[in-house]
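One-letter residues, chain by chain:
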Amino acid sequence: MIDPDAELVRNAGAGDAQAASALVRRHLPRMVGLARRMLNDAAEAEDVAQDVFLRVWREAPRWKPGAAKFETWMHRVALNLCYDRLRRRREKSDPDAGVYVADRAPLASDQWLARQRSQKVHAALADLPERQRAALELVHFQELTNIAAAETLEISVEALESLLARGRRALKAALADVAQDLIGDADGASRV
Amino acid sequence: MDRERFEVLLDAYGADFRRWPDDERAAGEAFAAQDAGAAAMLNAARALDRALSLAGGAPDTSALAARILATAPRRSAAFDTRAALALAACAVFGIVLGYGGGMLAPLADQDDGYFTAAFEAPFGDDGDEG
């Protein structure tokens, strides 16, 4: 198995600033996106991404390619950090945790509409059970193969497919109006 | 591929065949091309994919990237540590070499008369005479 990150990780661990920068460029947006969708909270997502990279810097000097790809390991770390935060939220039962705070800046109507729809999708994702959300995150948003996603979640491919299907069915019901609006927009645009 | 398997995969992976398992992608595409009902199923799955894309997109991470890179390992620090260790090793080696070398090279037997002679009065006892 060839790990495209192996050399970068080795060099970053040895203090090569360019390698560290390349690792951050390659993975940071994906880590922030993952945490943002898992936690439905932009600030917490940045904290998680920062924690992931602190662990990367700590592990990099002794990283040995082999059992798992570096990216798989990073996804696992990010998901575990998200699970920890979700568990703490449940323990504290903070009603405001994970609630998106809208930007107060005025928006043009189409921007406002796009933001409303985006928030609705984030909210629907946040309502999914954690494992279904994680499965969808890895396959749909991170575009991992089914095998890599199953490996990251430490489940079988069949179990992964079950999580994905249940998650998508729930989202289909929750987002029927958004999907319908988008189809309408696309039809309108195609007629213009 | 039969309809049942097609539906299972569509339910799990959506309408974009790039997300399908590598070993079933081609069969799925072939089924979609020849089955009369596949287009409607694909359209329904595509609508959800499109809705989910509203939660995708790359966030702006430039400020965060700078903060993270400030915590990355530095070569200079690593070099200083190695250099300090190397210097310490050299010092220890030098001490051992100096001490051990001295022990290994015995002094030749020498008449120490030159040493005691140095403390003898240089002018003998001529001054006492007279």
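Residues numbered from 1 in each chain as written. Chains lettered and ligands numbered in written order. Predicted model: local features only at pLDDT ≥ 70, side-chain atom pairs only at ≥ 80, totals over all residues. Heavy atoms only, no water.

An unreviewed UniProt entry annotates chain A as Sigma-W factor originating from Terricaulis silvestris. UniProt, in its Sequence similarities (unreviewed entry) section for chain A, records the words "Belongs to the sigma-70 factor family. ECF subfamily." (UniProt positions renumbered as here; feature names shortened; annotations may be inferred.)

Draft legend 1. Geometry of the overall build of chain B. Helix and strand content of chain B: six helices and zero strands. Along chain B, helices and strands appear, N-terminal first, in the series α-α-α-α-α-α. Burial status across chain B gives 25% buried among its 130 residues. Expressed as a percentage of contacts within chain B between residues at least 6 apart in sequence, the contacts between residues at least 24 apart total 52%. Per element, the accessible surface of chain B, about 9100 Å² overall, is 61% carbon and sulfur. (Helix = DSSP H or I, 4+ residues; strand = E, 2+ residues; numbered from the N terminus. Buried < 20%, exposed > 50% of the residue type's maximum accessible area, 1.4 Å probe, protein only. Contact = heavy atoms within 4.5 Å. Areas by Shrake-Rupley, 256 points an atom, 1.4 Å probe, with all protein chains shown as cover.)

Draft legend 2. Summary view of the domain arrangement of chain A. All names here are of chain A. One can read the domain layout of chain A as domain 1 (1–101) and domain 2 (105–191). Each partner contributes to the interface: domain 1 provides 18 residues, whereas domain 2 provides 19 residues. With both chains or domains summed, domain 1 and domain 2 bury close to 1700 Å², and 53% of this area falls on carbon and sulfur atoms. It is Arg37, Arg76 and Tyr83 in domain 1 that bury the most area against domain 2; as a group they hold 36% of the surface buried on that side. (Domains from an automatic or database assignment. Buried area = accessible area lost by both parts, 1.4 Å probe.)

Draft legend 3. Structural context of the nonpolar core. Ranked by internal contacts, the top residues of the largest apolar core, which has 78 residues, are Trp57 of chain A together with Phe6 of chain B. No other element matches the 12 residues that helix H2 (residues 17–39) of chain A contributes to this core. A domain split of this core shows at least three residues from each of domain 1 (1–101) and domain 2 (105–191) of chain A. Excluding residues that lie within four positions of it along the chain, Trp57 of chain A makes contacts with Ala12, Ala20, Leu23 and Val24 of chain A together with Ile68, Thr71, Ala72 and Pro73 of chain B. (Core = buried A, V, L, I, M, F, W, Y, C linked by side-chain atoms within 4.5 Å.)

Draft legend 4. Region of the structure containing the pattern of salt bridges. Residues and elements named next belong to chain A. Applying the stated criterion to the full structure yields 19 salt bridges over all chains. Asp51 is the salt-bridge partner of Arg85, the closest N and O atoms lying 3.9 Å from each other. Of this pair, Arg85 sits in helix H4 (residues 70–92) while Asp51 sits in helix H3 (residues 42–59), placing them 34 residues apart in sequence. Note on Arg85: relative accessible area 15%, which makes it buried. On the basis of relative accessible area, Asp51 is assigned to the partly exposed category, the value being 23%. Linked through salt bridges whose partners overlap, the residues forming this network are Glu44, Asp51, Arg85 and Arg89. (Salt bridge = Lys/Arg side-chain N within 4 Å of Asp/Glu carboxyl O.)

Draft legend 5. View of the packing of H4 of chain A against helix H7 (residues 146–153) of chain A. Residue and element names in this part refer to chain A. As a packed pair, H4 and H7 sit with axes 9 Å apart at the nearest point and diverge in direction by 45°. With respect to their mutual orientation, H4 and H7 come out oblique. When the axes of H4 and H7 are compared, the crossing they make is right-handed. On H7, the residues touching Thr72, His75, Arg76, Leu79 and Tyr83 of H4 are Ala148, Glu151, Thr152 and Leu153. In terms of residue class, the contact of H4 with H7 is made up of four nonpolar, three polar and two charged. (Axes fitted to C-alpha atoms, helices over the stretch in contact; angles between N-to-C directions. Parallel < 35°, antiparallel > 145°, perpendicular 65-115°, else oblique. Left-handed = near helix turned anticlockwise from the far one by under 90°. Nonpolar A, V, L, I, M, F, W, Y, C, P; charged D, E, K, R; others polar.)

Draft legend 6. Region of the structure containing the packing of aromatic side chains. Residues and elements named next belong to chain A. By the definition in use, this model includes seven aromatic pairs over all chains. Summarising the aromatic geometry, the rings of Trp63 and Phe70 are spaced 5.0 Å apart at their centres and angled 90° between planes, so their arrangement reads as edge-to-face. On the accessibility criterion, Trp63 (17% relative accessible area) is buried. With a relative accessible area of 0%, Phe70 lands in the buried category. (Phe/Tyr/Trp six-rings, centres within 6.5 Å; stacked < 30°, edge-to-face > 60°.)

Draft legend 7. Summary view of the interface of chain B and chain A. Tallying the contact residues gives 34 residues for chain B and 44 residues for chain A. Together, the buried faces of chain B and chain A total about 3400 Å²; carbon and sulfur atoms form 66% of this surface. Among the residues of chain B in contact with chain A, Arg19, Leu52 and Leu54 of chain B are the three that bury the most area, contributing 18% of the side total. Our enumeration of links across chain B and chain A arrives at five salt bridges. Two residues, Arg5 of chain B and Glu161 of chain A, come together in a salt bridge whose shortest N-O distance is 3.6 Å.

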